[in-house]
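# Summary of the model geometry
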Amino acid sequence: MFTGSIVALVTPMDDKGQVDRASLKKLIDYHVASGTSAIVSVGTTGESATLNHDEHVDVVLQTLDLADGRIPVIAGAGANATTEAIALTERFNNTGVVGCLTVTPYYNKPMQEGLFQHFKAIAEHTDLPQILYNVPSRTGCDMLPETIARLAEIKNIVAVKEATGNLSRVSQIQELVNDDSFILLSGDDATALDFMQLGGQGVISVTANVAAREMAELCKLAAEGDFAKARKLNQRLMALHQQLFVEANPIPVKWACKVLGLIATDTMRLPMTPISDKARPVVEQALKHVGLL
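Quick caveat, the model's predicted, so the values are computed rather than measured.

### Description of the pairing of strand E7 (residues 183–186)
The alternating pattern of E7 places Ile-183 and Leu-185 on one face and Leu-184 and Ser-186 on the opposite face, and all of these are buried. Bridging between strand E6 (residues 157–162) and E7 involves 4 bridges; their strand directions are parallel. Opposite Lys-161, over in E7, you have Leu-185 as the bridge partner. Since E6 and E7 lie parallel, the crossover through helix H7 (residues 168–176) that links them has a hand, and here it is right-handed. Sheet topology places E7 next to strand E8 (residues 202–205); 2 bridges connect them, and they run parallel. Bridge assignment links Leu-185 to a residue of E8, and that residue is Gly-202.

### Notes on the packing of aromatic side chains
What the rule picks out here adds up to 0 aromatic pairs. Residue placement shows Arg-150 over the ring face of Phe-116; its charged tip is 3.7 Å from the ring centre.

### Digging into the nonpolar core
In terms of nonpolar packing, the biggest core is built from 61 residues, with Ile-28, Phe-92, Val-97, Val-210, Leu-240, Leu-244 and Val-283 touching the most fellow members. Where this core is concerned, the elements lending two or more residues are helix H1 (21–34), helix H2 (53–67), strand E3 (73–77), helix H8 (192–197), helix H9 (212–223), helix H10 (227–243), helix H11 (251–259) and helix H12 (280–290). Apart from the residues lying within four places of it in its own chain, the contact partners of Val-97 are Val-60, Leu-64, Val-73, Ala-75, Phe-92 and Leu-128.

### Section: the sheet that holds strand E2 (residues 38–41)
The 8 strands lie next to each other as E1-E2-E3-E4-E5-E6-E7-E8, forming a closed barrel whose pairing is parallel. This sheet shows a mean twist of 25° between the axes of neighbouring strands, independent of strand direction. Where helix H4 (residues 112–123) meets the sheet, its contacts fall on strand E4 (99–103), strand E5 (130–134) and E6, and the angle it forms with E4 comes to roughly 160°.

Reading guide: rules and limits
- Residues numbered from 1 in each chain as written.
- Predicted model: local features only at pLDDT ≥ 70, side-chain atom pairs only at ≥ 80, totals over all residues.
- Heavy atoms only, no water.
- Buried < 20%, exposed > 50% of the residue type's maximum accessible area, 1.4 Å probe, protein only.
- Helix = DSSP H or I, 4+ residues; strand = E, 2+ residues; numbered from the N terminus.
- Pairing = 2+ DSSP bridges.
- Right-handed = clockwise from strand over helix to strand, strands pointing away.
- Phe/Tyr/Trp six-rings, centres within 6.5 Å; stacked < 30°, edge-to-face > 60°.
- Lys NZ or Arg CZ within 6 Å of the ring centre and 35° of its normal.
- Core = buried A, V, L, I, M, F, W, Y, C linked by side-chain atoms within 4.5 Å.
- Contact = heavy atoms within 4.5 Å.
- Axes fitted to C-alpha atoms, helices over the stretch in contact; angles between N-to-C directions.

The structure is reproduced here in structure tokens:
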């Protein structure tokens, strides 16, 4: 459940900015039918930054309810205060989620020892498997391979989502982590195939929101070692990997989901704004290039 194509699911909202349950069900059904390995609910792409904790938990629980055991659900979690991250994580205990994806603290820029103590404290307050999430471009905080290796020794810290786009991190982490079962997941669609060829086991993907079947097939080919076919498929997907970030995530991917009829609106809460007139045709062309439009 922590390998293959894991979608960083958008959170569909209605015109008033409230969760659109009908669209959420449509998205989940789409991923079940497309072979997506698991759903991350309320990660970065799910707009965790603009949902309060009660709303955050409610979206995860709605996702669990609508998934109805058909696909594993991973809860996005994390905060820049350790006590807050613990409180959020504890709300997912005994709910049915299969684990938590927990981002590094943002804005306050902790030292490596602070990162270690932060994730250690969270892990001590739950039995849920924990996936570390390192995304310096968003958080201003880079969790180094040495710190990941220390955390990997904690029994319920089972994986890392490495979203630096720095492929040298794969071998650096592998060299330092003693546990062969520790899972390395890419958090960068554009380099995910290379990441898997170097030894990663999957990707937590933005592209999978709109190209779920293709991303599932890409990960399957990589797992089978058929990198010739995987590379051809990835070349076709590359325009999407890149142009879904032409503006801040999840602005482009949410608009793409609406265009493809997967959600009713691309509404987001401020300070996130709708896709610009300039970016819209760029994303549209990427969707056409892949054959989705």
